[in-house]
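Residue-level structure breakdown
One-letter residues, chain by chain:
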Amino acid sequence: MNKNKPNILKITNLFATVDDIAILNGINLEINQGEIHVLMGPNGSGKSTLSKVVAGHPAYKITNGEIIFKKKNLLELEPEERSNFGLFLAFQYPLEITGVTNEEFLRAAYNSKQKYLNLPEVDPIEFFEIITKKLIDIKIDISFLSRNVNEGFSGGEKKRNEILQLALLDSDLAILDEIDSGLDIDALKLISQTINNIISKNTNKSLLIVTHYQRLLDYIRPTFIHVMDKGKIIKTGNWKLANELEKKGYDWLKK
Ligand code: ADP
Ligand code: MG
């Protein structure tokens, strides 16, 4: 791996279970600042589980191993602290929140991070200015703000909303779980462009992108591609590995 860039995430020999069923079986993964890592692999191989374990989802029990994020033991931090400390997770299935508008939700998330960083919280008027700039960048209609969080959003709108949160929160590491699924080609291009902008403007930002589709990699050039199977990373390669996977599938990698 690139020795010149500081490490941001280091996962060592990570094992995790859900309801006593082993799902992650010894994950090792190192991500440095400015790198884009892509995680691929068959359905049920544990990609979403890994994402959720890193984010601190309470359903999963860590039975072995460690996760170091920005030199801190991530497993000792509550999910909210992880987020405030610079970790972002876009869920494969974003949650709907009834009774809370997107604007309220986003401002609460923004202010929570400001507070954590000992920075001033912003009032609704100040926030409106911040968020409308982001909306324009991501070509999201302003009416999004007054709608309840993800309620009645199409699949693509939910994904765009996740990217809006990412752009707003300015996280150091973003884990994007199937951010490309259910997107039409224009939305895919737009989201890829936003992701590329985030990376090119801030060369110290890192990404872990979970995807099934080669087509996302037509727009985003990863530093590394990892293939997961049965809770382990069974292959790591550069962006060219995606072409090989597209042609040959995953079977040739499985033992
Ligand atoms: P992927 O995202 O690679 O498709 P997942 O991480 O969603 O895979 O799932 C990995 C395996 O763990 C699957 O067999 C899935 O059924 C199982 N699993 C994940 N979460 C749970 C859960 N909360 N309860 C029971 N089984 C789970
Ligand atoms: Mg998944």
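Conventions we followed
Residues numbered from 1 in each chain as written. Chains lettered and ligands numbered in written order. Predicted model: local features only at pLDDT ≥ 70, side-chain atom pairs only at ≥ 80, totals over all residues. Heavy atoms only, no water. Helix = DSSP H or I, 4+ residues; strand = E, 2+ residues; numbered from the N terminus. Rg over C-alpha atoms; globule rule 2.2 N^0.38 Å. Contact = heavy atoms within 4.5 Å. Areas by Shrake-Rupley, 256 points an atom, 1.4 Å probe, with all protein chains shown as cover. Lys, Arg positive; Asp, Glu negative; His and termini not counted. Charge placed at Lys NZ, Arg CZ, Asp CG, Glu CD. Salt bridge = Lys/Arg side-chain N within 4 Å of Asp/Glu carboxyl O. Patch = residues over 30% accessible without salt bridge, like charges linked within 9 Å, V, L, I, M, F, W, Y side chains within 5 Å. Buried < 20%, exposed > 50% of the residue type's maximum accessible area, 1.4 Å probe, protein only. Pairing = 2+ DSSP bridges. Axes fitted to C-alpha atoms, helices over the stretch in contact; angles between N-to-C directions.

Observations concerning the overall build of the protein chain
Across its full length, the protein chain carries 7 helices and 12 strands. Taking 2.2 N^0.38 as the reference for a compact globule, 255 residues should give roughly 18 Å; the C-alpha atoms of the protein chain span a radius of gyration of 18 Å, in line with that estimate. Considering only contacts in the protein chain between residues 6 or more positions apart, those separated by 24 or more positions represent 68%. Within the structure as shown, the protein chain displays about 12,500 Å² of accessible surface, and the carbon and sulfur contribution to it stands at 50%. The protein chain carries 33 positive and 33 negative side-chain charges, and their two centres are separated by 8 Å.

Description of the pattern of salt bridges
Counted by the stated rule, this structure contains 8 salt bridges. With a closest N to O distance of 3.6 Å, Lys 230 and Asp 229 form a salt bridge. Each of Lys 70, Asp 170, Asp 172 and Lys 205 takes part in salt bridges that share partners, so that together they form one network.

Considerations on a nonpolar patch on the surface
A grouping of Tyr 116, Leu 117 and Leu 119 is seen on the molecular surface, where their side chains present a nonpolar patch of about 250 Å² in accessible area. The topology assignment puts Tyr 116 in helix 3 (residues 102-116). In this structure Tyr 116 comes out as partly exposed when scored by relative accessible area, which is 31%.

Considering unusual backbone geometry
With a phi close to 60 degrees, Asn 118 is a non-glycine residue in the positive phi region. A positive phi angle, near 50 degrees, is found at Lys 230, a position not held by glycine. Following the sequence through the fold, Lys 230 ends up in the loop between strand 11 (224-229) and strand 12 (232-237).

Considerations on the sheet that holds strand 11
The strands that make up a sheet pair up through hydrogen bonds in the backbone, lying either parallel or antiparallel. If you trace the 6 strands from one edge of the open sheet to the other, you get 6-9-10-3-11-12, paired in mixed fashion. Because the sheet does not close on itself, it has two edges, and the strands there are strand 6 (87-90) and strand 12. Taken pair by pair, the neighbouring strands of this sheet meet at an average axis angle of 20 degrees, ignoring direction. One ladder, built from 4 bridges, connects strand 3 (residues 36-40) with strand 11; its direction is parallel. Pairing of Met 40 across the sheet is with Val 227, part of strand 11. Along the sheet, helix 1 (residues 47-55) makes contact with strand 3, strand 6, strand 9 (173-177), strand 10 (206-210) and strand 11, crossing strand 6 at roughly 145 degrees. Packing of helix 7 (residues 240-248) onto the sheet brings it into contact with strand 3, strand 11 and strand 12, and relative to strand 11 it is tilted by some 40 degrees.

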